[in-house]
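# Topology and contacts: notes
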Amino acid sequence: MNISPLPRQFALDISHTPTATLENYLPGSDLALLSALKDLRKSWTRANTQVPCSNPLNQRWIYWWGPEGSGRTHLLEAMSNAAEEAGLEYFSLYPSEPTAWVRLEDRMSALTESDAPCLITVDDVDRLDERLMGSLFRILNNVQAGKAIHILMTGNQAPANLKLREDLRTRLGWGLVFQTQVLADDEKIQALEAAAKARGLVLSPDVLPWLLNRFYRDMPSLMALIDALDAYSLETKRAVTLPLVRELLQPK
């Protein structure tokens, strides 16, 4: 498959992709995970009006896994954004940013003693080095001991198949575990058609199948392209047909 390069104007649109939310996530078969995350978000709103009780661990501890392009990171970012909106303290951890782990560990004792809900997200646990594996192990022990710390983690495989320390692999499965799936082509087309319709954008029938064969197949890029096509169609006062799409994707 030949992947079309990004033209300058489209590269600018990609950099302004919409903020990740649970509402703009396309779940496909991931409805159970999405429902669990929405319930968790709702609990944060209730916690603003009453002192939270000690929550069961499996309501505060969720791990999901799947291939690239299955929306793993989108959901983590959506929950971080929801925590910020609810006024919660939150921490986003990545394998490439070890200093953030050190800052969180410095706060863990206070968080463990607190009744106020907070959120920790950990992306790409499959890429953790030995030092960060040790850090996550200690963090998880504190989450277990705490009353209101919520931790959400993602990886590329089920816990038992990860190449991590055995004691860490075991802990990843203590809470809820879900698998995220890449959308099938017909699901992508339905989602893109709905996004175009919401913008009042009419696409020629051959546009979306052509894009799935020639363009990036991940949904954030495809959704950003819908925005770019909308803007380009308005600018050129032309319908969105295959010639217009090819023109937009032509490198400058």
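Everything here concerns the structure above.
Structure report, in brief. The shown structure was predicted, so the numbers you read here are calculated from the model rather than taken from an experiment.

### Quick word on the overall build of the chain
Along the chain, the regular secondary structure elements total ten helices and five strands. Taken across its 252 residues, the chain has 45% of its residues classed as buried. Expressed as a percentage of contacts within the chain between residues at least 6 apart in sequence, the contacts between residues at least 24 apart total 79%. For the chain, the computed accessible surface area is about 12,800 Å², with 51% contributed by carbon and sulfur atoms.

### Considering the packing of helix α4 (residues 98–113) against helix α5 (residues 130–145)
For the pair α4 and α5, interaxial distance at closest approach is 10 Å and the crossing angle is 20°. Put simply, α4 runs roughly parallel to α5. The handedness of the crossing between α4 and α5 comes out as left-handed. Of the residues in α5, those in contact with P98, W101, L104, E105, M108 and T112 of α4 are R131, L132, S135, L136, R138, I139, N142, V143 and A145. Taken together, the residues of the contact of α4 with α5 break down into nine nonpolar, three polar and three charged.

### Some points on unusual backbone geometry
With a phi close to 55°, D124 is a non-glycine residue in the positive phi region. Residue placement: D124 occurs in the loop between β3 (118–122) and α5.

### Looking at helix α3 (residues 72–85)
Between its first and last C-alpha, α3 extends 20 Å over 14 residues, near the 20 Å set by a 1.5 Å rise per residue. G87 lies just past α3 and shows a positive phi near 80°.

### A word on the side chain of T180
Position of T180 among the secondary structure elements: in the loop between β5 (176–179) and α7 (185–198). What makes T180 buried here is its relative accessible area of 0%. At a separation of 2.8 Å, a polar atom in the side chain of T180 contacts the side chain of S70. Discounting residues that sit within four places of it in the chain, T180 has contacts with Y25, D30, L33, W64, W65, G66, P67, S70 and R72.

### Quick look at the packing of aromatic side chains
If you walk through the whole model with that rule in mind, you get one aromatic pair. Both rings, one in W61 and one in W174, keep their centres 5.7 Å apart while their planes meet at 40°; by these two values the pair is tilted. Separated by 113 residues along the polypeptide, W61 in strand β1 (residues 61–65) and W174 in the loop between α6 (166–172) and β5 bring together distant segments of the chain. A relative accessible area of 0% places W61 in the buried class. You can call W174 partly exposed: its relative accessible area is 34%.

### Observations concerning the nonpolar core
Grouped together as the largest cluster of nonpolar side chains are 29 residues, with contacts concentrated most on I120, L136, I151 and M153. Elements with a minimum of two residues in this core: β1, β2 (89–93), α4, β3, α5, β4 (149–155) and α6. Ignoring sequence-local partners within four residues, the contact set of I120 consists of F91, L93, L104, M108, I139, V143, I149, H150, I151 and L152. By size, the runner-up hydrophobic cluster in this structure holds 27 residues, among which are L192, A196, L201 and L203.

### Quick notes on the environment of L31
Among the secondary structure elements, L31 is positioned in helix α2 (residues 31–47). Residue classification places L31 among the exposed positions, given a relative accessible area of 55%. Put simply, L31 and T180 are 149 residues apart on the chain and 9.6 Å apart in space, counted from C-alpha to C-alpha.

### Details of the pattern of salt bridges
Counted by the stated rule, this structure contains eleven salt bridges. Residues D167 and R165 are paired through a salt bridge, measuring 2.9 Å at the closest nitrogen-oxygen approach. Classification of R165 by relative accessible area gives partly exposed; the value is 27%. Note that E166 is salt-bridged to R169, the shortest N-O span being 2.1 Å. Separated by three residues within a single helix, E166 and R169 lie in helix α6, roughly one turn from each other.

Thresholds applied
- Residues numbered from 1 in each chain as written.
- Predicted model: local features only at pLDDT ≥ 70, side-chain atom pairs only at ≥ 80, totals over all residues.
- Heavy atoms only, no water.
- Helix = DSSP H or I, 4+ residues; strand = E, 2+ residues; numbered from the N terminus.
- Buried < 20%, exposed > 50% of the residue type's maximum accessible area, 1.4 Å probe, protein only.
- Contact = heavy atoms within 4.5 Å.
- Areas by Shrake-Rupley, 256 points an atom, 1.4 Å probe, with all protein chains shown as cover.
- Axes fitted to C-alpha atoms, helices over the stretch in contact; angles between N-to-C directions.
- Parallel < 35°, antiparallel > 145°, perpendicular 65-115°, else oblique.
- Left-handed = near helix turned anticlockwise from the far one by under 90°.
- Nonpolar A, V, L, I, M, F, W, Y, C, P; charged D, E, K, R; others polar.
- Expected span 1.5 Å × (residues − 1).
- Polar contact = N/O pair within 3.5 Å; in protein donor to acceptor, adjacent residues only side chain to side chain.
- Phe/Tyr/Trp six-rings, centres within 6.5 Å; stacked < 30°, edge-to-face > 60°.
- Core = buried A, V, L, I, M, F, W, Y, C linked by side-chain atoms within 4.5 Å.
- Salt bridge = Lys/Arg side-chain N within 4 Å of Asp/Glu carboxyl O.

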